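Report on the structure
Listed here are the chains, written in short residue letters.
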Amino acid sequence: EPEVTQTPSHQVTQMGQEVILRCVPISNHLYFYWYRQILGQKVEFLVSFYNNEISEKSEIFDDQFSVERPDGSNFTLKIRSTKLEDSAMYFCASNDGSNTEAFFGQGTRLTVV
Amino acid sequence: ELKVEQNPLFLSMQEGKNYTIYCNYSTTSDRLYWYRQDPGKSLESLFVLLSNGAVKQEGRLMASLDTKARLSTLHITAAVHDLSATYFCAVDAGLGTSYGKLTFGQGTILTVHP
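Scoring rules and cut-offs
Residues numbered from 1 in each chain as written. Chains lettered and ligands numbered in written order. Predicted model: local features only at pLDDT ≥ 70, side-chain atom pairs only at ≥ 80, totals over all residues. Heavy atoms only, no water. 1 Å grid on protein atoms, 1.4 Å probe; cavity = no way out; pocket = protein on both sides within 12 Å on 5 of 7 lines; lining within 4 Å. Points joined across faces, edges and corners; volume = space filled by probe spheres on them. Helix = DSSP H or I, 4+ residues; strand = E, 2+ residues; numbered from the N terminus. Nonpolar A, V, L, I, M, F, W, Y, C, P; charged D, E, K, R; others polar.

So, on to the layout of surface pockets. Empty space within the largest pocket amounts to approximately 600 Å³. Within the residue set of the lining of the largest pocket, elements represented by two or more residues are strand 5 (43-50) and strand 6 (53-57) of chain A together with strand 1 (4-7) and strand 10 (102-104) of chain B. Considering only residue class, the lining of the largest pocket consists of nine nonpolar, five polar and nine charged. Space inside the second largest pocket adds up to approximately 430 Å³.

Written as structure tokens, this is what we have:
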């Protein structure tokens, strides 16, 4: 069964460093998303991406965040200068646009120290 | 802004008992999803509800959607320990550029004990 895959599963980084979280969406999907879940809290929308551009972003998705689909298969989330409060589980999701569910990856746990 | 509220947030159940988790949302939508999350794990899709009156059942779990009341329920029948997890509802009220954007409830932490 097709699945969304994310790498790495866990990343530890020092405050102020840049990180790139990687996702491979399901191959025929057209819509891509990043969500964040701080430990013990609900899942929050960060950004959606369609047709090679951002279609919507939340207030959380400020200038330190960026997304890219560099090669037609990967979908990346970059955090330019990490802060302690960026520590969270980051989920990638994709959707084929047929009005059915989005499929979530297994997540990347980011720990900023 | 779409708001999604679940209750209860914490649910401690005895094995064999029945209970219902409620999910209210604040704007028109006919696309609602239920997910299960085990500690430190990803979101496991349980139910996809895409129309008013939709009812789906899988094992001891049954989900329903009332779009007029903006309410979904997740009913647990004869709970077993394996159902212990956090349950999230999520609403997709996206149109246009917001298509597919999910707004999640706070989650219900379910603990089933003997």
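This structure, assessed with the given rule, holds one cavity of 30 Å³ or more. Considering only enclosed or pocket space, the largest cavity measures out at about 30 Å³ in volume. Forming the walls of the largest cavity are Asn95(A), Thr100(A), Glu101(A), Ala102(A), Tyr33(B), Tyr35(B), Asp92(B), Gly100(B) and Leu102(B). When grouped by side-chain class, the residues that make up the lining of the largest cavity number four nonpolar, three polar and two charged.

Bringing unusual backbone geometry into the picture now. Here the residue pair Thr7(A) and Pro8(A) is connected by a cis peptide bond, since its omega of -10 degrees sits within 30 degrees of zero. Within the element layout of this structure, Pro8(A) appears in the loop between strand 1 (5-7) and strand 2 (10-13). The linkage connecting Asn7(B) with the following residue, Pro8(B), adopts the cis geometry, with an omega of 0 degrees. Mapped onto the fold, Pro8(B) is located in the loop between strand 1 and strand 2 (10-14). Positive phi, close to 55 degrees, is recorded for Asn51(A), a residue that is not glycine. Within the secondary structure layout, Asn51(A) lies in the loop between strand 5 and strand 6. Despite not being glycine, Ala78(B) shows a phi value in the positive range, around 50 degrees. Residue placement: Ala78(B) occurs in the loop between strand 8 (71-76) and strand 9 (85-92).

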